[in-house]
Amino acid sequence: MTQKIVFLDRESLDAKVREFNFPHEYTEYESTWTPEEIVERLKDAEIALINKVPMRAEVLKQLPKLKLIAVAATGTDVVDKAQAKAQGITVSNIRNYAFNTVPEHVVALMFALRRAIVPYANSVRRGDWNKSTQFCYFDYPIYDIAGSTLGIVGYGALGKSIGKRAEALGMKVIAYDVFPQDGLVDFETILKESDVITLHVPLTPETKNMIGREQLAKMKSSAILINTARGGLVDEEALLEALKNGTIGGAGFDVVAQEPPKNGNILCDADLPNLIVTPHVAWASKQAMQILADQLVDNVEAFVAGSPKNVVEA
């Protein structure tokens, strides 16, 4: 039997997708966003490959032939998993592929913010150094990484990988997770004791806006907040306010609440020396994307062979 496979947002993955090892008809589109486009392109498909295309209940109900949604990412909040389960659609995701790329991005943001790399580089470009009366100037505070405390929220594979790197840099590492593990601390301790907090939890109703005004107020005034997970984990208005009034020292975000921010975003639009926003690329090293692409094909082949893997439950 020939399986019809459709990749709805191929341009989101800069890697080679190898040919599937079973009879198939493969179609790919650079991007797909509207419900009408999704339904039209998947109406005869058994397998959908997506990265960030929203697969909501009203769309899934119009796709009776669909059997597998293979998500080219770890997060699956774009899929209505309850509706997929009701229709007998399997949902798979990618796991353990970003073991270098995300930790390295976190460390890069940490260094850039703690050492004020971006504002100093920008000030030189503006000509401030030319006007200095001394060989250097101290417009922005600089803090050492060694001897500081890293608080990790979400102590899974990524959190542990970041922790090992932090320890190698001479940092004290403390971690919080909802799943019991030896050596964890509570969330309050993370907020109060950390010089750097990095978030690595999924976006769920329980974690939405888990960092708001109340939590930001408990952080050190010099602390920085890093989010490479999901934008909805942090109240963006509260964060912007905290950055402007000095409640916290800085923030490095690779994600925002709505992506892409076609109608603007208060973090993306802000011009602050203590804020760095990157366009959801922490996951996207060349090596990591190829691992992801290979695993995506593996997931599809395993499903067609009758032994689905990396299945996400509703």
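Quick note: structure is the one above.
Here's a quick rundown of the structure. (Residues numbered from 1 in each chain as written. Predicted model: local features only at pLDDT ≥ 70, side-chain atom pairs only at ≥ 80, totals over all residues. Heavy atoms only, no water.)

1. Points about the overall build of the chain
Looking only at helices and strands, the chain has eleven helices and eleven strands in total. In terms of overall size, the chain behaves like a compact globule, its C-alpha atoms giving a radius of gyration of 22 Å where 314 residues would be expected to give roughly 20 Å. For the chain, the C-alpha atoms occupy an extent of roughly 75 × 45 × 30 Å along the three principal directions. For the chain, buried positions account for 49% of its 314 residues. Looking at the chain alone, contacts between residues at least 24 apart form 60% of all its contacts between residues at least 6 apart. A total of about 15,400 Å² of accessible surface is found on the chain, and carbon and sulfur atoms cover 52% of it. (Helix = DSSP H or I, 4+ residues; strand = E, 2+ residues; numbered from the N terminus. Rg over C-alpha atoms; globule rule 2.2 N^0.38 Å. Buried < 20%, exposed > 50% of the residue type's maximum accessible area, 1.4 Å probe, protein only. Contact = heavy atoms within 4.5 Å. Areas by Shrake-Rupley, 256 points an atom, 1.4 Å probe, with all protein chains shown as cover.)

2. Thoughts on the sheet that holds strand 8 (residues 196-199)
Overall, parallel pairing links the six strands, which are arranged 7-6-8-9-10-11 in an open sheet. Of all strands in the sheet, those bounded by a partner on one side alone are strand 7 (172-176) and strand 11 (275-277). Recorded for the sheet is a direction-independent mean angle of 15° between the axes of neighbouring strands. For strand 6 (residues 149-153) and strand 7, the ladder comprises five bridges, and the chain directions are parallel. Bridge pairing in strand 7 links glycine 151 to isoleucine 174. In the packing of helix 9 (residues 236-245) onto the sheet, the strands contacted are strand 9 (224-227), strand 10 (250-253) and strand 11, and the crossing angle to strand 10 comes to about 140°. (Pairing = 2+ DSSP bridges. Axes fitted to C-alpha atoms, helices over the stretch in contact; angles between N-to-C directions.)

3. Some remarks on the packing of aromatic side chains
Summed over all chains, the structure comprises five aromatic pairs. With a centroid separation of 5.2 Å and an interplanar angle of 90°, the aromatic rings of tyrosine 120 and tyrosine 140 are classed as edge-to-face. Of the two residues, tyrosine 120 is situated in helix 5 (residues 117-126) and tyrosine 140 in the loop between helix 5 and strand 6; the sequence distance between them amounts to 20 residues. Of the residues examined, tyrosine 120 reaches a relative accessible area of 15% and is grouped as buried. Consider the rings of tyrosine 176 and phenylalanine 187, whose centres lie 5.4 Å apart with planes at 40°: the pair is tilted. Of this pair, tyrosine 176 sits in strand 7 while phenylalanine 187 sits in helix 7 (residues 187-193), and the two are eleven residues apart along the sequence. Given a relative accessible area of 22%, tyrosine 176 falls into the partly exposed group. On the accessibility criterion, phenylalanine 187 (17% relative accessible area) is buried. An aromatic cluster is defined as three or more aromatic residues linked by ring pairs; in this entry it consists of Phe20, Phe22 and Tyr26. Its guanidinium or amino end placed over the ring of tyrosine 29, arginine 41 lies 4.0 Å from that ring's centre, counting from NZ or CZ. (Phe/Tyr/Trp six-rings, centres within 6.5 Å; stacked < 30°, edge-to-face > 60°. Lys NZ or Arg CZ within 6 Å of the ring centre and 35° of its normal.)

4. Structural notes on the side chain of threonine 101
With respect to the helices and strands, threonine 101 occurs in helix 4 (residues 101-114). The exposure class assigned to threonine 101 is buried, which follows from its relative accessible area of 9%. Only 2.6 Å separates the side chain of threonine 101 from the backbone oxygen of alanine 282, close enough to count as a polar contact. For threonine 101, the residues in contact, after removing those within four places along its chain, are Ala282, Trp283, Ala284, Ser285 and Ala288. (Polar contact = N/O pair within 3.5 Å; in protein donor to acceptor, adjacent residues only side chain to side chain.)

5. Focus on helix 1 (residues 35-42)
An α-helical segment advances 3.6 residues per turn. Residues three or four places apart therefore align on the same side. Taken residue by residue, helix 1 has Ile38, Val39 and Leu42 as its buried positions. Viewed along the axis of helix 1, the buried residues span an arc of 95°, placing them on a single side of the element. Buried residues along helix 1 sit in contact with strand 1 (3-7), strand 3 (47-50) and helix 2 (57-60). (Arc of directions from axis to C-beta.)

6. Structural notes on the pairing of strand 1
Strand residues, when the strand is regular, have side chains that alternate between the two faces of the sheet. Most of strand 1 is tucked away: four of the five residues are buried. Across five bridges, strand 1 lies against strand 2 (residues 24-28) in parallel orientation. Bridge pairing in strand 2 places lysine 4 opposite glutamate 25.

7. Points about unusual backbone geometry
The omega angle of the peptide bond from glutamate 259 to proline 260 is -10°, so this bond is cis rather than trans. With respect to the element layout, proline 260 can be found in the loop between strand 10 and helix 10 (266-269). One non-glycine residue, asparagine 96, lies in the positive phi region at around 55°. Within the fold, asparagine 96 resides in the loop between strand 5 (90-92) and helix 4.

8. Overview of the pattern of salt bridges
Per the counting criterion, the structure on display carries 17 salt bridges. Among the ionic pairs, lysine 65 bridges to aspartate 44, the shortest N-O distance being 3.2 Å. Taken as a pair, lysine 65 in the loop between helix 2 and strand 4 (68-71) and aspartate 44 in the loop between helix 1 and strand 3 lie far apart in primary sequence, 21 residues in all. What makes lysine 65 partly exposed here is its relative accessible area of 42%. (Salt bridge = Lys/Arg side-chain N within 4 Å of Asp/Glu carboxyl O.)

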